[in-house]
Amino acid sequence: MLTERENMELCWNHEQPEWVPMINTAAQMIISPEINDRPLFMSGKDDFGLEWEVDPAHPELMSHVKPGQPLLEDICDWEDFIKFPSCKDKNWEAAAARTKAMWAKKDQLQGYYVGNMGAFERICSTMGHVNALMAPFDDEEAYQAYVNAYVDYRLEQFPFIKKYYDVDFVMMHDDWGNQQQLFMSPEMWRKFYKEPERRLAAAAHELGMKYMHHSCGYITPIVGDLVEIGVDSWHSVQPNNDLKMLKEKYGDKLIFAGAVDPQVTDVPGATEEDIRADVRRVIDTLGKGGGLMVSSAVMFSIVPKVDGIIDDEGKKYGQYKNLKFA
């Protein structure tokens, strides 16, 4: 019988696995305090000096930027506000020891590192969302310089991540879409983000890692670009995208990851059957021939027991020998 690692590797290779891999049971997320993109589920400062806080009324939600901080207003001044910390002086030997203890079943599970914030999310947290959306219109050259500098900052980390964590894939976050559309035109995304994203994917591949990009929201117009530049997998895959078309067009080139809709599973009144039905929807829509890894579209549910139900239904329903696709 295949291990979870072996089964997931078949999926990465665009071969049909024995069952649909469930990310949260087939892979181990490697926690990295060495790179503090933002305090996770706690208040405090990140590596850039921004202060984040948890909403005491909703401690289950991710931390948010603390209001009232001095924020960058003019993209031309970004170098005065955004200082990229080097990762070279971190205690990577301690990181390796912690990873070894955390990832005790390395022979059975894959491992992955998560970069919790991309260039777009970072500039939004630093400038505020409205100013960040206007920044590329204010000064294209300064905005592009910022994005390229951010990617350089990330690329410095990749060799350390591979050497000391030895993960199978990296998942980099940058939410480019909302429920209805991209936060920028496809043309603008291509102008500012396409080549930097290509650099990230290429660097991961050179180090022997797969590259997964997480973006919530509607990003259907640029999924073909992600395939073109070598992104192995797109995580989130919310149903407001044209999933049937995307699967038919790119299913042999792109791994669809996540896809279970939190607007079904994490809302008041959601039943266990609602959750299980959405897992079946995902597998029926995206599972044909392989190329699907399942979790909540936001990676982890904020509602207790939901992830366990997702994983249980996926493992039961997602046995390829029993699946029939229209």
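Residues numbered from 1 in each chain as written. Predicted model: local features only at pLDDT ≥ 70, side-chain atom pairs only at ≥ 80, totals over all residues. Heavy atoms only, no water.

Structural notes on the overall build of the protein
The condition that has to hold: Segments assigned H or I by DSSP are reported as helices when at least four residues long, segments assigned E as strands when at least two residues long, and all are numbered from the N terminus. Accessible area is worked out with a 1.4 Å probe on protein chains only. A residue is then buried under 20% of its type maximum, exposed over 50%, and partly exposed in between. The contact definition used throughout considers only heavy atoms, calling two residues in contact when any of these lie within 4.5 Å. Just so you know, the count uses Lys and Arg for positive and Asp and Glu for negative, and it drops His and the chain ends. Each charge is placed at NZ for Lys, CZ for Arg, CG for Asp and CD for Glu.
Scanning the protein from terminus to terminus reveals 13 helices and 10 strands. Taking the principal axes of the C-alpha coordinates as reference, the protein spans close to 60 × 45 × 45 Å. Counting over 326 residues, the protein shows a buried share of 53%. Of the contacts made within the protein by residues no fewer than 6 positions apart, 71% connect residues no fewer than 24 positions apart. The positive charge centre, built from 34 side chains, and the negative charge centre, built from 53, are 6 Å apart in the protein.

Quick look at the sheet that holds strand E9 (residues 255-260)
Using the following cut-off: A pair of strands is considered paired only if DSSP assigns at least 2 bridges between the two. The axes are straight lines fitted to the C-alpha atoms, using for helices just the contacting stretch, and the angles between their N-to-C directions are given from 0 to 180°.
Reading across from one edge, E1-E5-E6-E7-E8-E9-E10 is the order of the 7 strands in this open sheet, with parallel pairing throughout. Both edges of this open sheet fall to strand E1 (27-30) and strand E10 (292-296), since each of them pairs with a single strand only. If you compare each strand with its neighbour and ignore which way they point, the axes differ by 25 degrees on average. The sheet contact formed by E1 and strand E5 (residues 110-115) spans 4 bridges and is parallel.

With respect to the pairing of strand E7 (residues 210-214)
To be explicit about the condition: With the strands pointing away from the viewer, any crossover whose connection runs clockwise from the first strand over the helix to the second is right-handed.
E7 sits mainly inside the fold: 4 of its 5 residues count as buried. Crossover handedness for the path strand E6 (residues 169-173) to helix H8 (residues 186-206) to E7: right-handed. Both E7 and strand E8 (residues 233-236) contribute to a ladder of 3 bridges, which runs parallel. Within the sheet, the bridge partner assigned to His-213 lies in E8 and is Trp-234. With helix H9 (residues 223-228) bridging E7 and the parallel E8, this β-α-β connection has right-handed handedness.

Digging into the packing of aromatic side chains
This is how it is decided: Working definition: a ring pair exists when centres of Phe, Tyr or Trp rings (six-membered ring for Trp) sit within 6.5 Å. Plane angles under 30 degrees give stacked, over 60 give edge-to-face, the rest tilted. Placement of a charge over a ring requires the Lys NZ or Arg CZ to be within 6 Å of the ring centre, with the centre-to-atom vector within 35 degrees of the ring normal.
Under the definition given, this model contains 21 aromatic pairs. Relative to Phe-169, the ring of Tyr-112 has its centre 4.8 Å away and its plane inclined at 5 degrees; by these criteria the two rings are stacked. Here Tyr-112 is found in strand E5, whereas its partner Phe-169 is found in strand E6, with 57 residues between them in sequence. In this structure Tyr-112 comes out as buried when scored by relative accessible area, which is 1%. Overall, the relative accessible area of 0% leaves Phe-169 in the buried class. One residue, Arg-122, lies across the ring of Phe-48, its end atom 4.0 Å from the ring centre.

What to know about the sheet that holds strand E4 (residues 64-65)
A sheet is described by the order of its strands in space; here 3 strands give the open sequence E2-E3-E4, paired in antiparallel fashion. Looking at which strands have only one partner, the edges of the open sheet turn out to be strand E2 (44-45) and E4. Two elements, strand E3 (residues 51-53) and E4, share 2 bridges in a ladder whose sense is antiparallel. Residue pairing across strands places Glu-53 opposite His-64, the latter belonging to E4.

A short note on the layout of surface pockets
Stated formally: Here the term cavity refers to a set of points on a 1 Å grid, laid over the protein atoms alone, in which a 1.4 Å probe fits but cannot get out; the term pocket refers to an open set having protein on both sides within 12 Å along at least five of seven lines, with lining residues being those that place an atom within 4 Å of a point. Grid points are joined across faces, edges and corners, and a volume is the space filled by probe spheres set on the points. Under this grouping Gly is polar, as are all residues other than the nonpolar Ala, Val, Leu, Ile, Met, Phe, Trp, Tyr, Cys and Pro and the charged Asp, Glu, Lys and Arg.
Each pocket or cavity is described by its volume, and for the largest pocket that value is around 1200 Å³. Taken together, 44 residues make up the lining of the largest pocket; nearest its centre are Arg-38, Leu-40, Met-62, Asn-116 and His-173. Where the lining of the largest pocket is concerned, the elements lending two or more residues are E1, E4, E5, helix H5 (119-127), E6 and helix H11 (262-265). The element contributing the most residues to the lining of the largest pocket is H5, with 3 residues. Within the lining of the largest pocket, the residues separate by chemical class into 24 nonpolar, 14 polar and 6 charged. Here the second largest pocket defines a volume of roughly 330 Å³. In terms of lining, the second largest pocket is formed by 15 residues, of which the most central are Lys-247, Glu-248, Asp-284, Thr-285 and Lys-288. Elements with a contribution of two residues or more to the lining of the second largest pocket: helix H10 (243-250) and helix H12 (272-286).

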